[in-house]
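Remarks on the overall topology
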Amino acid sequence: MTPALVERQAETEQRTFYALDTHEAFRKAGFYRILVPRRYGGYEFGADTFMRVAVALTRGCPSTGWMYTLGAAHALAVATIFPEQAQDEVFAVGDFIAPSTIMPSGTAERAEGGWVINGTWGYCSGSPYATHFVGHTLVKSGDGAPPEPMAFIAPRSVWRRLDDWGGQLGLRGSGSHSITIENGWIPDHFTIPGHLSQFSVADGTPGLRLHGNPQYGGGPLSFMNLESAVLAVGIAKGALDAYEHLMRTRTTLFPPVVGRVHDSDYQYWYGEATGMIATAETAVLGAIGQWQEACAAGPGAFTTEMEMRLAGISRQSVQLCWHAVEGHLLPTAGSSSVRHGERLERTWRDLSMLHTHAGFAVFLAAKAQRELTKAHFDVAEDGLAG
């Protein structure tokens, strides 16, 4: 599918999401069932299979890969954390696409058997073809304490997508539109207290007990962080593909004029970027393997230090990809190769956008390192040793 995705990059950006026939091709290929439990007609493949598919799609079109990955990935979190009754309903059709956002928003008021939710959530990547939305809101405690976050699943029937995406620097075709809910009723079993990223699996999970597969007992936070790294690898590999085409078709600018592939400087730039991107991919695949090994070891393996160590690998992988593209490929490709609409220009914009994503720009770029250090040295929030 990759060559076709490359050819449709501009079209996808203009539409702000990938085409309906692309969506149908993904559906027929079973991409939306990779992480869905077999109990519900899914394939229940491993996280490594899902991540490799994500890399391949993102390599062809970063917007398409981003939209697919952040829509299909949350099947794992839902199958891990939510109770059987909720899973029976949301996975009933087999295919599952659900954008999810980090920032709590909106309001939730108690109603008979559930909650009435109102609000708007931005950056809902995957929303155009989504079957559900996994969001967070704040719930009043009633005793004067600060409101607490609550995660919820909203079926497509209770929300609508706003036409507010496409004007950003990059990832213009990622389908990251806002979602709004007006007096949407959400049953109790579609909600869980807390934030998905803070859900502890130490005592086991509903998904592990229900499906018996260790991958439904893994840490949601570390899996989410790995998604960022996988997307960065896919984008960087696409940039390297574009640069390889220039190596094969362009000549040097100064005498002796030869094909770039025969020039020692271009050989160095291409080789250096290749090594950095390959290292990032190897690190990410190794981290995914560690995540799966921790799943197999049991819920107790997902300590804070373990989660933050995987976050650190994710950050370094993204940084390697960024420095390969920004430091070696983009500056040496030539100005004609970074005109608006050129493949290398687009991948640079898309990778730049990844750096502004809250998960990377806030959590992976600063907070995760401090949390890793505190966990390793058993330092409490007050700065004292535990």
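Above this text is the structure in question.
Read on for a plain summary of the structure. (Residues numbered from 1 in each chain as written. Predicted model: local features only at pLDDT ≥ 70, side-chain atom pairs only at ≥ 80, totals over all residues. Heavy atoms only, no water.)

Moving on to the nonpolar core. Most often, soluble globular proteins keep nonpolar side chains buried together rather than apart. If you look at the biggest cluster of nonpolar residues, it comprises 103 residues, and the most contacted ones within it are Phe-50, Tyr-68, Phe-91, Ile-117, Phe-223 and Trp-291. Sorting elements by how many residues they give to this core places helix H9 (residues 220–249) first, with 15 residues. Ignoring sequence-local partners within four residues, the contact set of Tyr-68 consists of Tyr-18, Phe-26, Phe-31, Tyr-32, Ile-34, Phe-50, Val-53 and Leu-57. Within the second largest apolar cluster, six residues are counted, among which are Leu-221, Phe-363, Leu-364 and Ala-368. (Core = buried A, V, L, I, M, F, W, Y, C linked by side-chain atoms within 4.5 Å. Buried < 20%, exposed > 50% of the residue type's maximum accessible area, 1.4 Å probe, protein only. Helix = DSSP H or I, 4+ residues; strand = E, 2+ residues; numbered from the N terminus. Contact = heavy atoms within 4.5 Å.)

Next up on the list: the packing of aromatic side chains. In the structure shown here, the tally under the stated rule is 18 aromatic pairs. Taken together, a centroid distance of 6.0 Å and an interplanar angle of 65° make the contact between Phe-31 and Tyr-68 edge-to-face. Placement of Phe-31 in the loop between helix H3 (20–29) and helix H4 (47–60) and of Tyr-68 in helix H5 (residues 62–72) is noted, with a sequence separation of 37 residues between them. For the residue pair Phe-31 and Tyr-68, the accessibility class agrees, reading buried in each case. Residues Tyr-43 and Phe-45 carry aromatic rings whose centres are separated by 5.3 Å and whose planes lie at 25° to one another, so their mutual orientation is stacked. Tyr-43 gets classed as partly exposed once you look at its relative accessible area, which sits at 32%. For Phe-45, a relative accessible area of 37% puts it in the partly exposed group. Among the aromatic residues, ring-to-ring pairing joins Phe-17, Tyr-18, Phe-26, Phe-31, Tyr-32, Phe-50, Tyr-68 and Tyr-129 into one connected group. (Phe/Tyr/Trp six-rings, centres within 6.5 Å; stacked < 30°, edge-to-face > 60°.)

None of the figures reported here should be taken as evidence of function without further support.
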